[in-house]
Amino acid sequence: MNSLHPGDRIHLVSRKGRRYSIVLQKGGVFQFSGERLSHDDLIGQPEGVSVRTSRGTHFIALRPTLAEYVLKMPRGAQVIYPKDLGLILMWADIYPGAKVLEAGIGSGALTMALLRSVGEKGSVISYDVREDFAKRAEENINQLMGPVSNLVVRLKNIYEGIEDGPVDRLVLDLPEPWLVVPHAVSALRPGGVFLCLLPTVPQVQQVVAALRAEKSFGFIETFETLLRTWNIDGRSVRPDHRMVAHSAFLTVARRIMPHETT
Ligand SMILES: C[S@@+](CC[C@H](N)C(=O)[O-])C[C@H]1O[C@@H](n2cnc3c(N)ncnc32)[C@H](O)[C@@H]1O
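Residues numbered from 1 in each chain as written. Predicted model: local features only at pLDDT ≥ 70, side-chain atom pairs only at ≥ 80, totals over all residues.

How would you summarise the overall build of the chain if you had to cite specific residues and measurements?
Within the chain one finds six helices and 15 strands. By principal-axis analysis of the C-alpha atoms, the chain measures approximately 80 × 45 × 30 Å. Looking at the chain residue by residue over its 262 residues, the buried ones come to 33%. Nonlocal contacts in the chain, meaning residues at least 24 apart in sequence, comprise 62% of its contacts between residues at least 6 apart. (Helix = DSSP H or I, 4+ residues; strand = E, 2+ residues; numbered from the N terminus. Buried ≥ 20, exposed ≤ 12 C-beta atoms within 10 Å, placed from the backbone. Contact = placed C-beta atoms within 7 Å.)

Mind laying out the sheet that holds strand 2 (residues 19-23), listing which residues take part and the relevant values?
Taken together, the four strands give an open sheet; going across it, the order is 2-1-6-5, and neighbouring strands pair in antiparallel fashion. The open sheet has two free edges, formed respectively by strand 2 and strand 5 (49-52), since each of these has just one partner strand. Within the sheet, the average angular offset between the axes of one strand and its neighbour, ignoring direction, is 30°. Bridge count between strand 1 (residues 9-14) and strand 6 (residues 58-62): four bridges; the pairing is antiparallel. Bridge pairing in strand 6 places Ser14 opposite Phe59. (Pairing = 2+ DSSP bridges. Axes fitted to C-alpha atoms, helices over the stretch in contact; angles between N-to-C directions.)

I'd love a proper account of the packing of helix 2 (residues 82-91) against helix 3 (residues 109-118), names of residues and values included.
Helix 3 packs onto helix 2 with a crossing angle of 40° between their chain directions and a minimal axis gap of 10 Å. In this view, helix 2 runs oblique relative to helix 3, as classed from their interaxial angle. At the point where helix 2 passes helix 3, the crossing takes the right-handed sense. Mapping the contact onto sequence places Leu85, Ile88 and Leu89 in helix 2 and Ala109, Leu110, Ala113 and Ser117 in helix 3. (Parallel < 35°, antiparallel > 145°, perpendicular 65-115°, else oblique. Left-handed = near helix turned anticlockwise from the far one by under 90°.)

Give me the lowdown on helix 4 (residues 131-145), citing residues and values where you can.
Taking 1.5 Å per residue as the helical rise, helix 4 with its 15 residues ought to reach 21 Å, and the 21 Å between its terminal C-alpha atoms agrees with that figure. Residues of helix 4 that are buried include every one of Ala134, Arg136, Ala137, Asn140 and Ile141, and no others. One face of helix 4 carries all of its buried residues, which in axial projection span an arc of 165°. Residues of helix 4 that are exposed and point over 90 degrees away from its buried face: Glu131 and Asp132. Looking at the buried residues of helix 4, the elements they touch are helix 3, strand 8 (123-128) and strand 9 (151-155). (Expected span 1.5 Å × (residues − 1). Arc of directions from axis to C-beta.)

Tell me about the environment of Ser14, and name the residues and values.
Along the chain, Ser14 turns up in strand 1. As a C-alpha pair, Ser14 and Arg254 span 240 residues in sequence and 45 Å in three-dimensional space.

Go over the domain arrangement of the chain with me, naming the residues and quoting the values.
Here the chain is described as being made up of domain 1 (9-63) and domain 2 (68-255). Just the C-alpha atoms count here: the centres of domain 1 and domain 2 sit 33 Å apart. Each side of the interface is counted separately: domain 1 has four residues, and domain 2 has four residues. Those elements giving two or more residues to the side of domain 1 that touches domain 2 turn out to be strand 1 and strand 2. For the side of domain 1 that touches domain 2, the residue count by class is no nonpolar, two polar and two charged. (Domains from an automatic or database assignment. Nonpolar A, V, L, I, M, F, W, Y, C, P; charged D, E, K, R; others polar.)

Set out below in structure tokens:
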């Protein structure tokens, strides 16, 4: 049985779906609107256990999935939404054993998704210019994944160059990825994938123009994804009223060998 241990980060989920993130400690107490729940009532119990607070409020205790964790973890920078994390892994073709360079690390949401996909034989190198963000990201990563030996974090401005090539995949979540495109030509191995995530159309236009200008990139595509959840309750079967209508556009390109034009 995969029981809950001291040190585990868990989510207490209420009947209405509200989530409270806690780290289990022997003798610890979760306090909620004047109600109390002893951590000792959870330690040793299986995941998914139902518990009641001192006044009878009901919660289910679960270790969060990666998608749940990134939405609740402490943030330095804005995190990438789970719907985009899933898409990035597929469209950047992150595979076990890949060497992936990412910038910036932000809060570490994408880093964790990349680390899971490259596995122990792969590696992730993350650049960020902000020491406070890098520190926060590393704390978030350690909290979920424990010590990670195949992640290298560099305090470095990627617009000034890339020192870790050749890499198999380059994944960018920062404001001016077009400034990275010239460095990507030498840092990304032939056949490698360039992917960037941008919130606005003018930024997308600028990165696509930079990729086209280099002649070492082909198969350039831009797309977005909309995720609409549904209410399924008796005869009320319809889309939910609220959704995240926009997060980001993804632009993907393959590193190719430049061809002669006549
Ligand atoms: C939106 S956040 C990244 C969020 C991250 N992908 C996540 O999922 O948590 C953008 C990050 O890029 C970093 N950044 C901005 N310009 C940079 C540069 N020139 N080189 C490296 N990092 C940079 C910022 O400090 C910030 O941490």
